[in-house]
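# Summary of structural features
Here are the chains, one letter per residue:
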Amino acid sequence: MTPRTQSQATPIPQTRQAEIIADLNWTLAHMIDISTSAKQAHWNVHGPNFQGLHDLFDIIVDEARQYSDDVAERAVAIGGTAHGTIQDATKNSTLDPFPTDERNWQPLVKAMHGRLTAMSARLHDLIHATEDDLNTQDLYISIQRTIDKRAWMLEAHLHE
Ligand SMILES: [Fe+2]
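Within any chain, residue numbers begin from 1 and follow the written order of that chain's sequence. In keeping with the predicted nature of the model, local features appear solely for residues at pLDDT of at least 70, side-chain atom pairs appear and are counted solely at 80 or more, and the whole-chain, interface and lining totals rest on all residues.

Our next topic: the overall build of the protein. When helices and strands are tallied, the protein shows 5 helices and 0 strands. Reading the helices (α) and strands (β) of the protein from amino to carboxyl end gives α-α-α-α-α. Seen along its three principal axes, the alpha-carbon backbone of the protein occupies a region of about 60 × 30 × 20 Å. Three exposure classes are used, based on other C-beta atoms lying within 10 Å of a residue's own C-beta, which is placed from the backbone: buried for 20 or more, exposed for 12 or fewer, and partly exposed in between. Counting every position in the protein, which comprises 160 residues, the buried fraction comes to 34%. Secondary structure is summarised from DSSP: a helix means a run of H or I of at least four residues, a strand means a run of E of at least two, and numbering begins at the N terminus for each.

Right, here's the structure in full:
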């Protein structure tokens, strides 16, 4: 039987379904990468607005973890297997490695901002590629909207 998504009655061909599941796992790897990188920044940041950035980085952690859960469960709900180990994330994330010895707030904010905008650009492509699965598309739109908001909040710190 050809699997169906919950969002429509028209069956999606199995090859396309596999592609949607692969893209969800790709997104899962990136959400795990962003959540661990934001935690790294949350722990190490220092500077004049320590508390604001310490809190903002942790909000990004929480949101990325929630979206990890959402994309993993969407992959399984449409017949796939979620690939969410730290090894999967390391293998599949295309984001640059997050700086590990940085303490200064400015490079940490720039590093996180750059990763969020890169992720947003890729989500833009995924949103347009999922016209055939509106439920998954809706999830990507939600992730992009949240990421864009956090990128804006990070960037606001960089203006004198
Ligand atoms: Fe903490």
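The discussion continues.
Let us now look at the packing of helix α1 (residues 14–44) against helix α2 (residues 50–77). Where α1 contacts α2, the two axes come as close as 8 Å, and the packing angle between them is 160°. Judged by the angle between their axes, α1 and α2 are roughly antiparallel. For the pair α1 and α2, the crossing hand works out as left-handed. Each residue is assigned to one of three groups, with Ala, Val, Leu, Ile, Met, Phe, Trp, Tyr, Cys and Pro labelled nonpolar, Asp, Glu, Lys and Arg labelled charged, and all others, Gly among them, labelled polar. Residues that form the contact of α1 with α2 fall into these classes: 16 nonpolar, 6 polar and 4 charged. Inter-axis angles, ranging from 0 to 180 degrees, are taken between N-to-C directions of lines fitted to C-alpha atoms, where helices are fitted over the stretch in contact. Note that the term roughly parallel is reserved for angles under 35 degrees, roughly antiparallel for angles over 145, roughly perpendicular for angles of 65 to 115, and oblique for everything else. In this scheme, a crossing is called left-handed if the near helix is turned counterclockwise away from the far one by less than a right angle; it is called right-handed if the turn is clockwise.

Across its 28 residues, α2 extends 40 Å between first and last C-alpha, which sits within 8% of the 40 Å expected from 1.5 Å per residue. Residues of α2 that are buried: L53, L56, F57, I60, A64, Y67, S68, V71, A72, R74 and A75. Those residues of α2 that are buried lie in contact with α1, α4 (105–129) and α5 (134–158). Residue count minus one, scaled by 1.5 Å, sets the expected span of a helix. Our contact criterion uses C-beta atoms placed from the backbone: two residues qualify when those atoms are within 7 Å.

All right, on to the nonpolar core then. In this structure, V71 and M112 are the most contacted members of the largest nonpolar core, which totals 37 residues. Elements supplying a minimum of two residues to this core: α1, α2, α4 and α5. The greatest single-element share of this core, amounting to 10 residues, is contributed by α1. In this structure V71 touches L24, T27, L28, M31 and L139, once residues within four positions along its chain are discounted. In this usage, the nonpolar core is the set of buried Ala, Val, Leu, Ile, Met, Phe, Trp, Tyr and Cys residues whose C-beta atoms join them within 7 Å.

What follows deals with α4. With 25 residues, α4 extends 36 Å from end C-alpha to end C-alpha; this agrees with the ideal 36 Å at 1.5 Å per step. Within α4, the full set of buried residues consists of W105, L108, V109, A111, M112, R115, L116, M119, L123 and L126. Check the buried side of α4 and you find it contacts α1, α2 and α5.

The topology assignment puts R103 in the loop between α3 (86–92) and α4. With 34 residues separating them along the chain, R103 and Q137 place their C-alpha atoms 37 Å apart. Those residues in contact with R103 that sit more than four places away from it in its chain are N44 and H46.

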